[in-house]
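Commentary on secondary and tertiary structure
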Amino acid sequence: MTAARRSGASLARRAGLWLVSYLVVAVLYLAFFSYPVQPARLEGFTYTVHEKVYQTLPYTYEIDYVSLSERSVVVVLTVRTISIPNKAYSAALRNAEGITEDYLRQQYGLNVDLRYIGETTATVNGHSAVRQDYNVYDTVTGPLGRTETVLVAKMSVLAWFCNDNFVSVAAGFFHGPLADPKITEHLRCH
Amino acid sequence: MDGAALILAATPIPILIYYIAMFSDGRSISDLFGGISAVWGILATFFILGGFPGSFFFPVMLGTSALGGFLEYGRSRKGWDLAQGIILGLALVAVVYLLEVI
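First, a word on scope: everything that follows refers to the structure included in this document.

Reading the values: the criteria
- Residues numbered from 1 in each chain as written.
- Chains lettered and ligands numbered in written order.
- Predicted model: local features only at pLDDT ≥ 70, side-chain atom pairs only at ≥ 80, totals over all residues.
- Heavy atoms only, no water.
- 1 Å grid on protein atoms, 1.4 Å probe; cavity = no way out; pocket = protein on both sides within 12 Å on 5 of 7 lines; lining within 4 Å.
- Points joined across faces, edges and corners; volume = space filled by probe spheres on them.
- Helix = DSSP H or I, 4+ residues; strand = E, 2+ residues; numbered from the N terminus.
- Nonpolar A, V, L, I, M, F, W, Y, C, P; charged D, E, K, R; others polar.
- Axes fitted to C-alpha atoms, helices over the stretch in contact; angles between N-to-C directions.
- Parallel < 35°, antiparallel > 145°, perpendicular 65-115°, else oblique.
- Contact = heavy atoms within 4.5 Å.
- Core = buried A, V, L, I, M, F, W, Y, C linked by side-chain atoms within 4.5 Å.
- Buried < 20%, exposed > 50% of the residue type's maximum accessible area, 1.4 Å probe, protein only.
- Pairing = 2+ DSSP bridges.

Quick look at the layout of surface pockets
Space inside the largest pocket adds up to approximately 1600 Å³. What lines the largest pocket is a set of 46 residues, and nearest its centre among them are V75, T100, Y103, M155 and G172 of chain A. Put simply, the parts of the chain that give the lining of the largest pocket at least two residues each are β2 (48–56), β3 (59–67), β4 (72–80), α2 (86–93), α3 (96–108), β6 (127–141), β7 (147–162) and β8 (167–175) of chain A. For the lining of the largest pocket, the leading source of residues is β8 of chain A, giving eight residues. In terms of residue class, the lining of the largest pocket is built from 30 nonpolar, 11 polar and five charged. Size it by volume and the second largest pocket reaches roughly 1200 Å³. Lining the second largest pocket are 37 residues, with R14 of chain A together with Y18, Y19, D31 and Q84 of chain B sitting closest to its centre. Residue assignment for the lining of the second largest pocket shows that the elements contributing at least two residues are α1 (3–33) of chain A together with α2 (13–26), α3 (29–49), α4 (57–76) and α5 (79–101) of chain B. Counting residues per element, the lining of the second largest pocket draws most heavily on α1 of chain A, which supplies 10 residues. Considered class by class, the residues forming the lining of the second largest pocket number 18 nonpolar, 11 polar and eight charged.

Have a look at this one:
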(Lines give C-alpha, C1' and ligand atoms only; values in the text may rest on other atoms or scores of the structure.)
Protein backbone atom coordinates (compact mmCIF):
# COMPACT_ATOMS: atom_id res chain seq x y z
CA MET A 1 0.00 0.00 0.00
CA THR A 2 1.40 3.44 -0.88
CA ALA A 3 1.86 6.18 1.75
CA ALA A 4 -0.85 8.29 0.07
CA ARG A 5 -3.36 5.41 0.17
CA ARG A 6 -2.50 4.74 3.86
CA SER A 7 -3.00 8.42 4.67
CA GLY A 8 -6.36 8.41 2.84
CA ALA A 9 -7.52 5.31 4.74
CA SER A 10 -6.43 6.88 8.05
CA LEU A 11 -8.32 10.10 7.25
CA ALA A 12 -11.45 8.11 6.30
CA ARG A 13 -11.23 6.13 9.56
CA ARG A 14 -10.78 9.34 11.55
CA ALA A 15 -13.75 11.01 9.82
CA GLY A 16 -15.92 7.91 10.29
CA LEU A 17 -15.09 7.62 14.00
CA TRP A 18 -15.65 11.36 14.47
CA LEU A 19 -19.08 11.12 12.82
CA VAL A 20 -20.14 8.09 14.88
CA SER A 21 -18.93 9.75 18.12
CA TYR A 22 -20.89 12.94 17.50
CA LEU A 23 -24.00 10.98 16.44
CA VAL A 24 -23.89 9.18 19.81
CA VAL A 25 -23.44 12.57 21.54
CA ALA A 26 -26.51 13.89 19.68
CA VAL A 27 -28.54 10.86 20.80
CA LEU A 28 -27.40 11.38 24.41
CA TYR A 29 -28.41 15.06 24.29
CA LEU A 30 -31.80 14.01 22.89
CA ALA A 31 -32.19 11.57 25.80
CA PHE A 32 -31.18 14.31 28.27
CA PHE A 33 -33.64 16.91 26.97
CA SER A 34 -36.51 14.41 26.78
CA TYR A 35 -35.88 12.95 30.26
CA PRO A 36 -38.96 13.58 32.47
CA VAL A 37 -38.56 16.30 35.08
CA GLN A 38 -39.48 16.33 38.73
CA PRO A 39 -41.78 19.36 38.55
CA ALA A 40 -41.24 22.49 40.61
CA ARG A 41 -44.14 23.15 42.99
CA LEU A 42 -45.88 25.78 45.01
CA GLU A 43 -46.32 24.61 48.59
CA GLY A 44 -48.50 25.84 51.41
CA PHE A 45 -51.43 27.22 49.39
CA THR A 46 -54.89 25.66 49.11
CA TYR A 47 -55.26 26.51 45.43
CA THR A 48 -56.97 24.28 42.87
CA VAL A 49 -54.27 22.45 40.94
CA HIS A 50 -54.24 21.49 37.25
CA GLU A 51 -51.15 19.78 35.93
CA LYS A 52 -50.01 18.35 32.61
CA VAL A 53 -47.00 17.47 30.50
CA TYR A 54 -46.74 20.54 28.29
CA GLN A 55 -44.27 19.05 25.80
CA THR A 56 -41.73 16.25 25.71
CA LEU A 57 -38.80 17.94 23.91
CA PRO A 58 -37.47 19.65 25.87
CA TYR A 59 -39.51 17.94 28.57
CA THR A 60 -41.75 20.59 30.10
CA TYR A 61 -44.27 20.14 32.88
CA GLU A 62 -46.93 22.71 33.66
CA ILE A 63 -48.78 23.15 36.94
CA ASP A 64 -51.48 25.80 37.27
CA TYR A 65 -52.66 26.90 40.70
CA VAL A 66 -55.95 28.81 40.79
CA SER A 67 -57.70 30.51 43.68
CA LEU A 68 -61.06 31.95 42.72
CA SER A 69 -61.58 33.46 46.18
CA GLU A 70 -58.26 35.34 46.07
CA ARG A 71 -58.51 35.86 42.30
CA SER A 72 -54.96 34.56 41.96
CA VAL A 73 -53.41 32.35 39.31
CA VAL A 74 -49.92 30.88 39.54
CA VAL A 75 -48.40 29.01 36.58
CA VAL A 76 -45.22 26.99 37.17
CA LEU A 77 -43.33 25.56 34.17
CA THR A 78 -40.43 23.15 34.72
CA VAL A 79 -38.23 22.74 31.65
CA ARG A 80 -35.33 20.31 31.16
CA THR A 81 -32.30 22.49 30.29
CA ILE A 82 -28.58 22.71 30.74
CA SER A 83 -27.29 25.54 32.96
CA ILE A 84 -28.52 28.91 31.68
CA PRO A 85 -27.18 32.30 32.82
CA ASN A 86 -29.62 34.74 34.47
CA LYS A 87 -29.13 37.22 31.63
CA ALA A 88 -30.79 34.74 29.25
CA TYR A 89 -33.75 34.36 31.63
CA SER A 90 -34.02 38.13 31.81
CA ALA A 91 -34.19 38.43 28.01
CA ALA A 92 -36.72 35.57 27.74
CA LEU A 93 -38.99 36.97 30.44
CA ARG A 94 -39.28 40.32 28.65
CA ASN A 95 -41.52 38.45 26.17
CA ALA A 96 -44.04 37.78 28.96
CA GLU A 97 -45.71 41.16 28.39
CA GLY A 98 -46.71 40.49 24.77
CA ILE A 99 -47.49 36.81 25.33
CA THR A 100 -49.85 37.54 28.25
CA GLU A 101 -51.63 40.37 26.45
CA ASP A 102 -52.17 38.18 23.36
CA TYR A 103 -53.30 35.21 25.48
CA LEU A 104 -55.87 37.24 27.44
CA ARG A 105 -57.14 38.86 24.23
CA GLN A 106 -57.51 35.56 22.35
CA GLN A 107 -58.82 33.41 25.23
CA TYR A 108 -61.02 35.86 27.10
CA GLY A 109 -61.44 38.87 24.81
CA LEU A 110 -59.73 41.08 27.40
CA ASN A 111 -57.89 44.08 26.02
CA VAL A 112 -55.62 44.69 28.98
CA ASP A 113 -52.42 46.69 28.93
CA LEU A 114 -49.43 45.24 30.78
CA ARG A 115 -46.86 47.79 31.92
CA TYR A 116 -43.40 46.70 32.94
CA ILE A 117 -42.37 47.98 36.37
CA GLY A 118 -38.88 46.59 36.73
CA GLU A 119 -36.56 43.67 37.35
CA THR A 120 -35.07 42.46 40.60
CA THR A 121 -33.22 39.39 41.82
CA ALA A 122 -35.09 37.12 44.21
CA THR A 123 -33.98 34.07 46.16
CA VAL A 124 -36.19 31.05 45.49
CA ASN A 125 -35.51 27.87 47.42
CA GLY A 126 -31.86 28.90 47.75
CA HIS A 127 -31.44 29.76 44.06
CA SER A 128 -30.91 33.18 42.50
CA ALA A 129 -33.94 34.01 40.33
CA VAL A 130 -34.71 36.81 37.91
CA ARG A 131 -38.01 38.51 38.77
CA GLN A 132 -39.95 40.97 36.63
CA ASP A 133 -43.07 42.81 37.83
CA TYR A 134 -45.90 44.23 35.75
CA ASN A 135 -49.05 46.24 36.41
CA VAL A 136 -52.14 45.20 34.46
CA TYR A 137 -54.46 48.01 33.35
CA ASP A 138 -57.90 47.80 31.80
CA THR A 139 -59.94 50.53 30.16
CA VAL A 140 -63.41 50.67 31.68
CA THR A 141 -66.43 52.86 31.00
CA GLY A 142 -67.98 54.45 34.11
CA PRO A 143 -71.70 55.01 34.74
CA LEU A 144 -71.49 58.51 33.25
CA GLY A 145 -69.96 57.17 30.05
CA ARG A 146 -66.46 58.35 30.88
CA THR A 147 -63.65 55.89 30.10
CA GLU A 148 -60.87 55.36 32.60
CA THR A 149 -57.72 53.26 32.74
CA VAL A 150 -57.66 51.40 36.03
CA LEU A 151 -55.20 49.03 37.68
CA VAL A 152 -56.97 45.65 37.70
CA ALA A 153 -54.19 43.20 38.57
CA LYS A 154 -50.51 42.70 39.15
CA MET A 155 -48.32 40.14 37.46
CA SER A 156 -44.86 38.83 38.35
CA VAL A 157 -42.71 36.40 36.42
CA LEU A 158 -39.69 34.56 37.76
CA ALA A 159 -37.11 32.24 36.25
CA TRP A 160 -34.18 30.36 37.70
CA PHE A 161 -31.98 27.30 37.18
CA CYS A 162 -32.20 24.40 39.64
CA ASN A 163 -28.68 22.97 39.49
CA ASP A 164 -29.57 19.95 41.64
CA ASN A 165 -31.85 18.44 38.99
CA PHE A 166 -30.89 20.31 35.77
CA VAL A 167 -34.14 22.13 35.11
CA SER A 168 -35.12 25.72 34.48
CA VAL A 169 -38.24 26.90 36.25
CA ALA A 170 -40.45 29.74 35.06
CA ALA A 171 -43.25 30.87 37.35
CA GLY A 172 -45.84 33.53 36.65
CA PHE A 173 -48.33 34.85 39.15
CA PHE A 174 -51.31 37.00 38.48
CA HIS A 175 -53.31 38.46 41.36
CA GLY A 176 -55.63 41.31 42.32
CA PRO A 177 -54.07 44.73 42.90
CA LEU A 178 -54.67 44.62 46.66
CA ALA A 179 -53.61 40.99 47.27
CA ASP A 180 -49.96 40.26 47.92
CA PRO A 181 -49.51 36.49 48.25
CA LYS A 182 -45.93 35.58 49.24
CA ILE A 183 -45.47 33.24 46.29
CA THR A 184 -41.67 33.39 46.08
CA GLU A 185 -41.18 31.90 49.54
CA HIS A 186 -43.40 28.91 48.68
CA LEU A 187 -41.86 27.79 45.38
CA ARG A 188 -39.77 24.61 45.45
CA CYS A 189 -37.50 23.08 42.77
CA HIS A 190 -39.12 19.64 43.20
CA MET B 1 -29.35 12.26 41.75
CA ASP B 2 -31.54 13.04 38.75
CA GLY B 3 -31.05 10.46 35.95
CA ALA B 4 -30.82 13.28 33.41
CA ALA B 5 -27.68 14.56 35.13
CA LEU B 6 -26.02 11.17 34.62
CA ILE B 7 -26.99 11.23 30.92
CA LEU B 8 -25.55 14.75 30.60
CA ALA B 9 -22.33 13.66 32.32
CA ALA B 10 -22.11 10.76 29.82
CA THR B 11 -22.41 12.97 26.69
CA PRO B 12 -18.64 13.63 26.37
CA ILE B 13 -17.74 9.92 26.75
CA PRO B 14 -18.00 9.09 22.98
CA ILE B 15 -15.75 12.08 22.27
CA LEU B 16 -13.30 10.89 24.93
CA ILE B 17 -13.22 7.41 23.33
CA TYR B 18 -12.64 9.01 19.92
CA TYR B 19 -9.71 11.11 21.20
CA ILE B 20 -8.18 8.12 23.05
CA ALA B 21 -8.31 6.11 19.79
CA MET B 22 -6.80 8.99 17.79
CA PHE B 23 -4.11 9.71 20.38
CA SER B 24 -3.05 6.08 20.48
CA ASP B 25 -2.71 6.22 16.68
CA GLY B 26 -0.71 9.40 16.26
CA ARG B 27 0.30 10.85 19.66
CA SER B 28 -1.01 14.22 18.55
CA ILE B 29 -1.15 17.09 21.08
CA SER B 30 -4.52 18.22 19.70
CA ASP B 31 -5.98 14.74 20.36
CA LEU B 32 -4.56 14.81 23.89
CA PHE B 33 -6.14 18.21 24.58
CA GLY B 34 -9.40 17.06 22.96
CA GLY B 35 -9.44 14.18 25.47
CA ILE B 36 -8.74 16.59 28.36
CA SER B 37 -11.60 18.77 27.13
CA ALA B 38 -13.95 15.74 27.13
CA VAL B 39 -12.88 14.81 30.68
CA TRP B 40 -13.66 18.39 31.72
CA GLY B 41 -17.10 17.99 30.12
CA ILE B 42 -17.79 14.95 32.32
CA LEU B 43 -16.48 16.59 35.52
CA ALA B 44 -18.24 19.91 34.87
CA THR B 45 -21.67 18.26 35.15
CA PHE B 46 -20.84 17.18 38.69
CA PHE B 47 -19.37 20.61 39.50
CA ILE B 48 -22.64 22.24 38.33
CA LEU B 49 -24.62 19.79 40.46
CA GLY B 50 -22.49 20.99 43.37
CA GLY B 51 -23.31 24.64 42.66
CA PHE B 52 -20.42 25.63 40.35
CA PRO B 53 -21.57 28.27 37.77
CA GLY B 54 -22.45 26.62 34.45
CA SER B 55 -21.08 29.54 32.42
CA PHE B 56 -17.56 28.02 32.74
CA PHE B 57 -18.55 24.81 30.94
CA PHE B 58 -18.28 25.70 27.24
CA PRO B 59 -15.45 28.30 27.50
CA VAL B 60 -13.09 25.84 29.26
CA MET B 61 -14.04 23.04 26.83
CA LEU B 62 -13.49 25.18 23.72
CA GLY B 63 -10.39 26.90 25.13
CA THR B 64 -8.69 23.56 25.87
CA SER B 65 -9.39 22.22 22.38
CA ALA B 66 -8.28 25.49 20.72
CA LEU B 67 -5.02 25.43 22.70
CA GLY B 68 -4.47 21.83 21.57
CA GLY B 69 -4.85 22.93 17.93
CA PHE B 70 -2.31 25.77 18.30
CA LEU B 71 0.23 23.59 20.16
CA GLU B 72 -0.09 20.84 17.55
CA TYR B 73 0.43 23.43 14.79
CA GLY B 74 3.64 24.53 16.56
CA ARG B 75 4.87 20.95 16.20
CA SER B 76 3.42 19.80 12.87
CA ARG B 77 3.13 23.10 10.91
CA LYS B 78 0.03 21.63 9.25
CA GLY B 79 -2.61 24.13 8.14
CA TRP B 80 -5.44 21.97 9.47
CA ASP B 81 -4.10 22.17 13.05
CA LEU B 82 -3.84 25.96 12.81
CA ALA B 83 -7.38 26.09 11.36
CA GLN B 84 -8.65 24.00 14.30
CA GLY B 85 -7.05 26.41 16.79
CA ILE B 86 -8.44 29.48 15.01
CA ILE B 87 -11.98 28.07 14.53
CA LEU B 88 -12.27 26.88 18.14
CA GLY B 89 -10.67 30.13 19.37
CA LEU B 90 -13.29 32.13 17.46
CA ALA B 91 -16.03 29.87 18.85
CA LEU B 92 -14.66 30.57 22.34
CA VAL B 93 -14.80 34.35 21.73
CA ALA B 94 -18.38 33.97 20.40
CA VAL B 95 -19.50 31.94 23.46
CA VAL B 96 -17.92 34.41 25.93
CA TYR B 97 -19.50 37.32 24.02
CA LEU B 98 -22.94 35.64 24.06
CA LEU B 99 -22.66 34.89 27.79
CA GLU B 100 -21.91 38.58 28.41
CA VAL B 101 -24.48 40.05 26.03
CA ILE B 102 -27.55 37.81 26.33
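A closer look at the packing of α3 of chain B against α4 of chain B
Residue and element names in this part refer to chain B. Remark: α3 packs on α4, axes separated minimally by 7 Å, with the N-to-C direction vectors making an angle of 170 degrees. Taken together, the axis directions place α3 and α4 in an arrangement best described as roughly antiparallel. Contacts between α3 and α4 involve I29, S30, F33, G34, I36, S37, W40, G41 and A44 on the former and, on the latter, F57, V60, M61, T64, S65, L67, G68, G69, L71, E72 and R75.

Some thoughts on the nonpolar core
Counting residues in hydrophobic clusters, the biggest one holds 23 residues, and the most contacted among them are V74, V76, L158, W160 and L187 of chain A. Residue assignment for this core shows that the elements contributing at least two residues are β3, β4, β5 (113–124), β7 and β8 of chain A. Once residues within four sequence positions are removed from consideration, V76 of chain A is found in contact with A40, Y61, E62, I63, Y65, V169, A170, A171 and L187 of chain A. Counting 22 residues, the second-largest nonpolar core is a separate cluster that includes F32, A96 and M155 of chain A together with A5 of chain B.

Things to note about the pairing of β5 of chain A
Residues and elements named next belong to chain A. In this structure, β5 lies alongside β6, joined through 11 bridges in antiparallel fashion. Bridge assignment links T121 to a residue of β6, and that residue is V130. Between β5 and β6, which pair antiparallel and follow one another directly, the connecting turn spans two residues, one of which, N125, has a positive phi of 50 degrees.

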